[in-house]
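Here is how the chains run, residue by residue.
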Amino acid sequence: MRPSYRNLFPAAAASSSATGFDTLVVGAGFAGSVMAERLASQAGQRVLVVDQRPHIGGNAYDRYDDAGVLVHPYGPHIFHTNSADVFEYLSRFTSWRPYQHRVLASVDGQLLPIPINLNTVNRLYGLQLTSFELDAFFDKVAEKVDRVRTSEDVVVSRVGRDLYDKFFRGYTRKQWGLDPSELDASVMARVPTRTNRDDRYFTDTYQAMPLHGYTRMFEKMLAHPRIHVMLGTDYRDIVHHVPWKHMVYTGRIDAFFEYRHGRLPYRSLEFQHVTVQPPQGQAHVLPVGTVNHPNDHLYTRVTEFKHLTGQRHEATSLVYEHPRAEGDPYYPVPRPENTALFRRYESEAEPIGDVTFVGRLASYKYYNMDQVVAQALATFKRLVPL
Ligand code: FAD
Ligand code: UDP
């Protein structure tokens with residue numbers, strides 16, 4: 001017989017599962033909210049969503065700060081996807097404001113476009129290369145790497161040591177507390193290199209921000225008469241008291257198993273939010289949405305929200321990201337030994353018949369929002385074949 005939640009984690013006093021909720025969803029972020037919405041609206045289920053935080057939306061939660069500027073308390077969230085299915089699905093709950101994110105990196109006293117492109121190299125070195133010549137330039141400076149395994153390998157094999165040192169090494173050591181040679185290739189493979197002048201951070205087909213913010217979008221997803229939301233509640237406080245038949249769990253997988261194999265490492269951040277008055281006649285203080293600081297300052301990047309949201313307001317709010325070893329689990333750390341530890345938890349999770357694990361924390365994967373939505377939609381289809 002497959003193990004079930006109740007025989008793995010028995011309650012002091014047994015509770016009945018005959019009535020109540022069909023599904024208990026742990027976590028009201030993208031993973032939990034998509035699952036709840038699908039189960040209620042497509043499978044007719046009664047769903048209870050619990051989150052330990054006092055709000056819905058998970059890390060994508062946004063709110064108006066004291067000055068009235070729309071901010072992302074858990075760091076800047078920019079929506080981008082190549083999936084028409086994901087975009088169409090979310091479009092049921094929000095209209096969009098087209099937005100193409102641009103990032104400049106503060107390097108050698110200049111603000112230069114990142115991802116590295118033709119303008120980056122020409123401005124940094126005072127050259128006037130064409131795209132064609134930049135290809136040859138990269139060929140000349142790139143280091144030969146037989147097997148690309150680490151994040152260092154990815155970058156030095158593409159653009160060579162100098163650009164790696166100036167744009168990537170310091171940023172990564174700050175962000176992760178690790179040298180790029182200690183991180184899987186997948187981390188830096190997130191940032192491409194271009195030989196044209198395209199200075200957008202992302203090139204996905206769909207790039208847009210929810211017109212009235214993420215929280216409004218989540219409110220619409222969860223506003224189904226069969227969905228009940230309980231905030232400020234750790235599921236462990238209610239799991240044996242509220243009747244449910246199935247659980248969708250989107251929290252940390254190691255916490256679910258009470259860390260029995262040890263803790264999965266996470267990198268955390270401290271967000272320093274500030275509101276300032278732009279100089280007379282200006283709406284912004286930064287030239288683009290985000291400025292990265294690979295080599296100066298203790299923070300990695302600063303983001304000005306009005307660029308992302310398009311909000312008009314006389315003040316402007318920014319967030320500085322300070323990497324931390326301790327704190328909320330924001331970034332799973334992609335390294336072989338961590339994947340191996342995750343696999344131990346996953347092999348315990350897999351046979352549990354009445355619990356489904358979804359999302360960035362439960363999958364221990366460095367997923368973007370759209371990947372979590374895609375994972376949740378696919379998981380729903382598997383659970384409830386229509
Ligand atoms: P979460 O949003 O973490 O939701 C999980 C929820 O479960 C949380 O609200 C938590 O409180 C709750 N929970 C956990 N344990 C319990 C418990 N025991 N009881 C009750 N509730 C519990 N993605 C992009 O696509 N674009 C971006 O620009 C982007 N920027 C990012 C910037 C930062 C700084 C970070 C950290 C992430 C960023 N992401 C971005 C990734 C994005 O945040 C995630 O992909 C997405 O939020 C994951 O959704 P989720 O539902 O899996 O997890
Ligand atoms: N990175 C870097 N320099 C930069 C931007 C990114 O070294 O200017 C590296 C860094 O290790 C970072 C990773 O690339 O953690 C992924 O960058 P991304 O912007 O995708 O990070 P996220 O938005 O997920 O924090």
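The rules behind these values
- Residues numbered from 1 in each chain as written.
- Chains lettered and ligands numbered in written order.
- Predicted model: local features only at pLDDT ≥ 70, side-chain atom pairs only at ≥ 80, totals over all residues.
- Heavy atoms only, no water.
- Near = heavy atom within 4 Å.
- Polar contact = N/O pair within 3.5 Å; in protein donor to acceptor, adjacent residues only side chain to side chain.
- Areas by Shrake-Rupley, 256 points an atom, 1.4 Å probe, with all protein chains shown as cover.
- Helix = DSSP H or I, 4+ residues; strand = E, 2+ residues; numbered from the N terminus.
- Nonpolar A, V, L, I, M, F, W, Y, C, P; charged D, E, K, R; others polar.
- Buried < 20%, exposed > 50% of the residue type's maximum accessible area, 1.4 Å probe, protein only.
- Contact = heavy atoms within 4.5 Å.
- Pairing = 2+ DSSP bridges.

Student: I would appreciate a short explanation of the site of ligand 1 in the present structure.
Tutor: If you check the shell around ligand 1, you find 31 residues, and the closest are Asp51, His77, Ile78, Tyr367 and Met369. A distance of 2.9 Å is found between an oxygen atom of ligand 1 and a backbone nitrogen or oxygen belonging to Ala31. Residue Tyr367 places a main-chain N or O atom 2.8 Å away from an oxygen atom belonging to ligand 1. Here ligand 1 loses 95% of its free accessible area of 1,000 Å² to cover by the protein chains. Looking at the shell around ligand 1, the elements with two or more residues in it are helix H2 (30-43), strand S12 (266-276), helix H13 (360-363) and helix H14 (369-383). Taken together, the residues that form the shell around ligand 1 break down as 16 nonpolar, 11 polar and 4 charged.

Student: Is there a simple way to explain the side chain of Asn338 in this structure?
Tutor: Relative to the elements of secondary structure, Asn338 occurs in helix H12 (residues 336-349). Judged by relative accessible area, Asn338 falls into the buried class, the value being 7%. A polar contact of 2.8 Å, which involves the side chain of Asn338, links it to the backbone oxygen of Val333. Once residues lying within four places of it in the same chain are set aside, the contact partners of Asn338 are Leu264, Pro265, Val333 and Tyr364.

Student: Help me understand unusual backbone geometry, please; the structure alone is not making it clear to me.
Tutor: The residue after Ile114, namely Pro115, is reached through a cis peptide bond having omega -5°. One can find Pro115 in the loop between strand S8 (110-114) and helix H4 (118-125). The backbone phi angle of Tyr259 is positive, close to 55°, even though this residue is not glycine. Turning to its location among the elements, Tyr259 is positioned in the loop between helix H10 (253-256) and S12.

Student: Hey, could you run me through the sheet that holds strand S6 (residues 96-98) in this one?
Tutor: Pairing is antiparallel across the open sheet formed by 3 strands, whose spatial order is S5-S9-S6. Each of the sheet's edge strands pairs with one partner strand only, and the pair in question is strand S5 (80-81) and S6. In this sheet, strand S9 (residues 206-210) lies alongside S5 in antiparallel orientation, the contact comprising 2 bridges. Bridge assignment links Thr81 to a residue of S9, and that residue is Tyr206.

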